[in-house]
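A look at the structure
Listed here are the chains, written in short residue letters.
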Amino acid sequence: MRKPGHRSRAAVAIAAATVLGLAGCDASGGGTATRSTAAPTARPTPVWNPSPRSIAAVGDSITRGFDACAVLSDCPEVSWATGSDAGVDSLAVRLLGAAGATERSWNYAVTGARMSDLAGQIAQAVAKRPELVTVMVGANDACRSTTSAMTSVDDFRDQFQDAMDVLRASLPKAQVYVSSVPNLKRLWSEGRASPLGKQVWKLGICPSMLGDADALDAAATRRRDKVQARVEGYNRVLREVCAKDRRCRFDGDAVFDFRFGTEQLSQWDWFHPSRNGQARLAEIAYRAVTAKEPLT
């Protein structure tokens, strides 16, 4: 049998090398020949930005700083959301700095507003194209002349959803911070210790809860419990509607659960937040907006 020639041996060597190369092995058995170098996968952009560059506030008298500086007057400079007062250290100042808050925060809240007014306020706010919208509304829906005049939970839900729809139609990527409705029964419990406060309440401040402040009979108790239950229903709505929007954060009932005392209440009406109360609201909002995960 004839020995293989030089060309035959070369062909065999080439074939062997090819097989080894396809197997990804070198002569010592290590896998080095055809290791892939896939491009690194880009990290998805986080949905929630804890450092928005502009803020618009919507809501009611609390966000306007009503009765915090003078009787029966708005005082937006102490607003928890957009105020400039150094003692309050508003959400806007904390996030944007004092100069940035002056230039890139706007307050569209209106004293006396209810949830039915929110869509109109948001329609104004979107013109500024804010990166964050703060919402605090609902107390006036429960603070009516009688419990039967309170906004129903179903209507409250529809109105809040309508407002969110208005926002999303113009600003699909804007973030929303939603405050819970304050604990109105605690307001009654704390404020009724003040003879002056009870006199002011007789002028018509939240009569569904604060009317006949010293009455402790069964009818008065049922009335206050009904108002409180309605507020809790509103807060469930705020939580549930907000949860459907990946760029919305509810405060986890932090405002409702806050154990405020008389120091946090206006000295003129014992109902609205004082400067100190506004500062506490700013703290709660800042924690929620800058948290790594939504509050629950």
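Residue numbers here run from 1 along each chain, matching the order of that chain's written sequence. Two thresholds apply to this predicted model, a pLDDT of at least 70 for residue-level local features and 80 or more for giving and counting side-chain atom pairs, whereas whole-chain, interface and lining totals are computed over all residues. Calculation of side-chain values draws on the structure's entire complement of heavy atoms; hydrogens and water are dropped beforehand.

1. Thoughts on helix 12 (residues 275-290)
Two residues of an α-helix separated by three or four positions point the same way, owing to the 3.6 residues in each turn. Counting from the N terminus, the helices are DSSP H or I runs at least four residues long and the strands are E runs at least two residues long. Each residue after the first adds 1.5 Å to the expected span of a helix. The end-to-end C-alpha separation of helix 12 is 22 Å, in line with the 22 Å expected for 16 residues at 1.5 Å each. Relative accessibility decides the category of a residue: with a 1.4 Å probe and only protein chains considered, values under 20% of the type maximum give buried, values over 50% give exposed, and everything between is partly exposed. Buried residues of helix 12: Gly 277, Gln 278, Ala 279, Leu 281, Ala 282, Ile 284, Ala 285, Ala 288 and Val 289, and no others. Contacts are residue-level and defined by heavy atoms, with any inter-residue pair within 4.5 Å sufficient. In the core, the buried residues of helix 12 are packed alongside helix 2 (61-64), helix 3 (91-104), strand 3 (132-136), strand 4 (175-178), strand 5 (248-250) and helix 11 (254-257). Two N or O atoms form a polar contact when they lie within 3.5 Å of each other; inside protein one atom must be a possible hydrogen donor and the other a possible acceptor, and for residues adjacent in sequence the pair counts only when both atoms belong to side chains. You can read the cap of helix 12 off the contacts: a side-chain oxygen lies 3.3 Å from the backbone nitrogen of Asn 276, and it is on Ser 274.

2. Overview of a negative patch on the surface
Together, Asp 154, Asp 155, Asp 158, Asp 162 and Asp 165 give the surface a local cluster of negative charge. Counting through the fold element by element, Asp 162 comes out in helix 6 (residues 153-170). Surface patches are defined over residues having more than 30% relative accessible area and no salt bridge, joining like charges when they lie within 9 Å and nonpolar side chains (Val, Leu, Ile, Met, Phe, Trp, Tyr) when within 5 Å. Under the convention used here, a 1.4 Å probe and the Shrake-Rupley method define accessible areas, while residue burial counts only the protein chains that appear. A side-chain nitrogen of Lys or Arg and a carboxyl oxygen of Asp or Glu constitute a salt bridge if their distance falls within 4 Å. Note on charges: Lys and Arg go in the positive column, Asp and Glu in the negative column, and His and the chain ends are not counted at all. A charged residue contributes its charge at one atom only: NZ of Lys, CZ of Arg, CG of Asp or CD of Glu.

3. Regarding the sheet that holds strand 4
Whether two strands pair depends on DSSP finding at least two bridges between them. Pairing is parallel across the open sheet formed by 5 strands, whose spatial order is 2-1-3-4-5. The open sheet has two free edges, formed respectively by strand 2 (105-107) and strand 5, since each of these has just one partner strand. Each strand of the sheet is rotated relative to its neighbour by a mean of 15°, with strand direction disregarded. Angles run from 0 to 180 degrees between N-to-C directions of axes, and those axes are lines fitted to C-alpha atoms, restricted for helices to the stretch in contact. The sheet strands contacting helix 10 (residues 218-243) are strand 4 and strand 5, and the helix crosses strand 5 at an angle near 150°.

4. So, the packing of aromatic side chains
Any pair of Phe, Tyr and Trp rings, taking the six-membered ring for Trp, is counted once the centres come within 6.5 Å. Such a pair is stacked with planes under 30 degrees apart, edge-to-face with planes over 60 apart, and tilted for the rest. One pass over the structure, following the stated rule, counts 2 aromatic pairs. Ring centres 4.1 Å apart and planes at 15° place the aromatic pair Phe 156 and Tyr 234 in the stacked group. Remark: Tyr 234 occurs in helix 10 and Phe 156 occurs in helix 6; sequence separation between them is 78 residues. Considered together, Phe 156 and Tyr 234 belong to a single accessibility category, that of buried residues. A cation over a ring is seen here: Arg 186 above Phe 260, with NZ or CZ 5.5 Å from the ring centre. Charge-over-ring placement is defined geometrically: NZ (Lys) or CZ (Arg) within 6 Å of the ring centre, and within 35 degrees of the ring normal.

5. Some details on the environment of Met 209
Mapped onto the elements of the fold, Met 209 is located in helix 9 (residues 207-210). We classify Met 209 as buried; its relative accessible area is 0%. Taking the C-alpha atoms as reference points, Met 209 and Cys 143, separated by 66 residues in sequence, lie 6.8 Å from one another. Discounting chain neighbours no more than four positions away, the residues touching Met 209 are Leu 184, Lys 185, Trp 188, Arg 223, Arg 224, Val 227 and Gln 228.

6. With respect to the environment of Pro 182
Of note, Pro 182 is situated in the loop between strand 4 and helix 7 (184-191). Remark: the alpha-carbon pair of Pro 182 and Glu 232, spanning 50 residues in sequence, is separated by 9.5 Å. Setting aside anything within four residues of it in sequence, one finds Pro 182 in contact with Ile 62, Val 231, Val 255 and Phe 256.

7. With respect to the packing of helix 7 against helix 10
The interhelical angle for the contact between helix 7 and helix 10, taken along N-to-C directions, is 135°, at an axis separation of 8 Å. Viewed along their axes, helix 7 and helix 10 adopt a mutual orientation that is oblique. Between helix 7 and helix 10, the residues in contact are Leu 184, Lys 185 and Trp 188 and Arg 224, Asp 225, Val 227, Gln 228 and Val 231, respectively. Orientation categories follow fixed angle ranges, with anything under 35 degrees roughly parallel, anything over 145 roughly antiparallel, 65 to 115 roughly perpendicular, and all other angles oblique.

8. Regarding the state of the cysteines
The definition used for a disulfide is geometric: two cysteine sulfur atoms within 2.5 Å. Taken as a whole and assessed by the stated rule, the structure comprises 3 disulfides. Paired by a disulfide, Cys 69 and Cys 75 hold their sulfur atoms 1.9 Å apart. An S-S torsion of about -70° defines the bridge between Cys 69 and Cys 75 as left-handed. With relative accessibility at 25%, the residue Cys 69 sits in the partly exposed group. Residue Cys 75 is classed as buried on the basis of its relative accessible area of 2%. Once the disulfide-bonded cysteines of the chain are ranked by sequence position, their pairing pattern turns out to be 1-2, 3-4, 5-6.

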